[in-house]
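If you want the building blocks of each chain, they are given just below.
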Amino acid sequence: MDGNGRWAQQQGKLRTFGHKAGVDAVRSAVTLARKVGIKSLTLFAFSSENWQRPKDEVGVLMHLFSLVLRSEVKKLNKNDIRLKVIGDISAFDQKLQEKIKKAEALTASNRSLSLNIAANFGGRWDIIDATRRIAQQVKQNDLSISDITEDLFNRHVSTAGLPELDLLIRTGGDHRVSNFLLWQCAYAEFYFSDVLWPDFNEDVFNLAIADFASRQRRFGLTGAQIMTQDDNDNNNESVIC
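Throughout, residues of each chain are indexed from 1 in the direction in which the sequence is written. Given that the model is predicted, a residue must reach a pLDDT of at least 70 before its local features are reported, and side-chain atom pairs must reach 80 or more before they are shown or counted; all residues, however, enter totals for whole chains, interfaces and linings. Processing note: side-chain calculations cover all non-hydrogen atoms of the structure and skip hydrogens and water entirely.

## Side note on the overall build of the chain
Then, in step 1: Tallying secondary structure elements over the chain gives eight helices and five strands in all.
Then, in step 2: Counting from the N terminus, the helices are DSSP H or I runs at least four residues long and the strands are E runs at least two residues long. For the chain, the N- to C-terminal ordering of α and β elements is α-α-β-α-β-α-β-α-α-β-β-α-α.
Then, in step 3: Across its three principal axes, the chain shows a C-alpha extent of roughly 60 × 50 × 35 Å.
Then, in step 4: Whether a residue is buried, partly exposed or exposed follows from its accessible area with a 1.4 Å probe, protein chains only, as a fraction of its type maximum: under 20%, in between, or over 50%, in that order. In the chain, which comprises 241 residues, the share counted as buried stands at 39%.
Then, in step 5: Under the convention used here, Asp and Glu are negative, Lys and Arg are positive, and both His and the chain ends fall outside the count. Where a charge sits is defined by one atom per residue type, namely NZ (Lys), CZ (Arg), CG (Asp) or CD (Glu). Of the charged side chains in the chain, 31 are positive and 30 negative, and the gap between their average positions amounts to 9 Å.

## A few points about the packing of aromatic side chains
Then, in step 1: Here a pair means two rings of Phe, Tyr or Trp (six-membered ring of Trp) with centres within 6.5 Å. Their orientation is stacked below 30 degrees between planes, edge-to-face above 60, and tilted elsewhere. One pass over the structure, following the stated rule, counts 12 aromatic pairs.
Then, in step 2: With 5.9 Å between their ring centres and 10° between their planes, Trp7 and Phe17 make a pair best called stacked. Here Phe17 lies in helix α2 (residues 15-36) and Trp7 lies in helix α1 (residues 4-10), a separation of 10 residues in the sequence.
Then, in step 3: Owing to a relative accessible area of 13%, Trp7 belongs among the buried residues under this scheme.

## Topic: the nonpolar core
Then, in step 1: Among buried residues, the Ala, Val, Leu, Ile, Met, Phe, Trp, Tyr and Cys ones that are joined through side-chain atoms within 4.5 Å form a nonpolar core. Counting 31 residues, the largest nonpolar core has Leu41, Phe65, Leu69, Leu83, Phe92, Ile100 and Leu115 as its most contacted members.
Then, in step 2: Counting residues per element, the ones that place at least two in this core are α2, β1 (40-47), α3 (55-78), β2 (81-86), α4 (94-107), β3 (113-121) and α7 (202-213).
Then, in step 3: The biggest single contributor to this core is α3, with seven residues.
Then, in step 4: Aside from chain neighbours lying at most four places away, what touches Leu69 is Leu83, Leu96, Lys99, Ile100 and Ala103.
Then, in step 5: Residues Ala118, Leu181, Cys185 and Ala188 belong to the second largest nonpolar core, which totals nine residues. Note on definitions: a residue-residue contact is assigned when non-hydrogen atoms from the two residues lie within 4.5 Å.

## A look at the sheet that holds β2
Then, in step 1: One open sheet holds the three strands; their spatial order is β1-β3-β2, and the pairing between them is parallel. This sheet does not close on itself; its edge strands, each paired only once, are β1 and β2. Averaged over all pairs of adjacent strands, the angle between strand axes in this sheet comes to 20°, irrespective of strand direction. Should DSSP find at least two bridges between two strands, the strands are regarded as paired. For helices, the axis comes from a line fit to the C-alpha atoms of the stretch in contact; other axes are also lines fit to C-alpha atoms, and the angle between any two N-to-C directions lies between 0 and 180 degrees.

## Here we look at the pairing of strand β5 (residues 189-192)
Then, in step 1: Side-chain alternation along β5 places Glu189 and Tyr191 on a buried face and Phe190 and Phe192 on a face that remains uncovered.
Then, in step 2: Both strand β4 (residues 167-170) and β5 contribute to a ladder of four bridges, which runs parallel. Paired with Ile169 across the bridge in β5 is Tyr191.

## Notes on the pattern of salt bridges
It is possible for side chains of opposite charge to pair when their charged atoms get near one another.
Then, in step 1: Salt bridges are defined by distance alone: a side-chain nitrogen of Lys or Arg within 4 Å of a carboxyl oxygen of Asp or Glu. Summed over the entire model, instances satisfying the criterion amount to 15 salt bridges.
Then, in step 2: Here Glu72 and Arg27 are joined by a salt bridge, their closest N and O atoms 2.9 Å apart. Taken together, the positions of Glu72 in helix α3 and Arg27 in helix α2 put the pair 45 residues apart, joining distant regions of the chain.
Then, in step 3: Its relative accessible area of 11% is what places Glu72 among the buried residues.
Then, in step 4: For Arg27, a relative accessible area of 34% puts it in the partly exposed group.
Then, in step 5: Its salt-bridge partner being Arg170, residue Asp174 comes within 3.6 Å of it at the nearest N-O pair.

## Points about the environment of Leu182
Then, in step 1: Within the secondary structure, Leu182 sits in the loop between β4 and β5.
Then, in step 2: Looking at Leu182, the relative accessible area reads 32%, which means it is partly exposed.
Then, in step 3: Remark: the alpha-carbon pair of Leu182 and Ser144, spanning 38 residues in sequence, is separated by 25 Å.

## Quick notes on α2
Then, in step 1: A helix is expected to reach a length of 1.5 Å times the quantity of its residues less one. Between its first and last C-alpha, α2 extends 32 Å over 22 residues, near the 32 Å set by a 1.5 Å rise per residue.
Then, in step 2: Along α2, the residues that are buried comprise Thr16, Gly18, His19, Ala21, Gly22, Val23, Ala25, Ser28, Ala29, Val30, Leu32 and Ala33.
Then, in step 3: Where the residues of α2 are buried, they touch α1, β1, α3, β2, β3 and α7.
Then, in step 4: Among the residues trailing α2, Gly37 stands out with phi positive, at a value near 90°.

## Examining the environment of Pro163
Then, in step 1: Its location among the elements puts Pro163 in the loop between α6 (150-154) and β4.
Then, in step 2: Between the alpha carbons of Pro163 and Arg132 there is a distance of 23 Å; along the sequence they are 31 residues apart.

## Brief notes about α4
Then, in step 1: Compared with an ideal rise of 1.5 Å per residue, which puts 14 residues at 20 Å, α4 spans 20 Å between its outermost C-alpha atoms and is within 8% of the ideal.
Then, in step 2: Looking at α4, one finds that the buried residues are Leu96, Gln97, Ile100, Ala103 and Thr107. Down the axis of α4, the sector holding all buried residues measures 130°, keeping them to one side. Exposed residues on α4 whose side chains face more than 90 degrees from its buried face are Lys95, Lys102 and Ala105.
Then, in step 3: Next to the buried residues of α4 lie α3 and β2.
Then, in step 4: In the analysis that follows, any N or O atom pair within 3.5 Å is treated as a polar contact, provided that within protein one partner can donate a hydrogen and the other can accept it, and provided that, for residues neighboring in sequence, both atoms belong to side chains. A distance of 3.1 Å separates the backbone nitrogen of Lys95 from a side-chain oxygen at the start of α4, and that oxygen is part of Asp93. Taken from the helix axis, the directions to the C-beta atoms give the arc we talk about.

If you want it as structure tokens, here you go:
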């Protein structure tokens with residue numbers, strides 16, 4: 001969700017004003033995701049590198065995170081939306097950690113949409129964290145090295161239990177991943193938008209979804225292999241019918 005600061009500067013306001021405006025874009029994105037049946041929506045709210053921003057800006061972001069948790073969680077629960085925070089939350093103050101845990105517990109049984117907020121998150125951290133936990137199990141003789149597979153690794157990253165990542169959207173005009181979901185985006189489709197995050201409304205989100213729907217996903221296969229697979233799928237469907 002990139003472009004909050006630049007959006008605020010274009011309005012002649014402080015960067016923190018852009019972060020507050022970005023909350024409205026979050027509501028819009030969550031509303032559309034719920035409406036069209038998306039099962040998992042992950043928002044990169046605060047990266048592990050964001051601690052390097054000016055102290056006042058970080059303070060506003062933490063305060064805003066706390067306020068949003070307090071004001072929005074009941075609405076999420078009412079709309080059958082599960083909240084999950086991924087990242088190293090141990091760096092947050094105790095009160096914020098407790099709010100996160102309470103919000104997750106309240107919405108844990110909801111199934112219409114999983115809303116995943118990446119906070120103090122980094123793709124490299126995620127991979128290293130999973131590796132350390134797997135290595136600890138090997139050290140304790142709970143796993144052998146031959147047990148380590150992609151499926152096992154998937155069960156140890158922060159998105160364990162969530163659907164495979166299909167579409168990664170970046171707003172704000174930059175064409176890079178910026179350390180987000182590095183393991184998970186191996187076969188994801190990318191969509192880069194020049195729209196700054198506070199202006200990312202339902203119309204812009206729908207454009208990204210439509211673009212994704214128009215693509216032929218290969219997952220490492222060649223065009224010929226896909227055609228063969230399609231033929232096999234058609235044959236299987238006719239046999240089942």
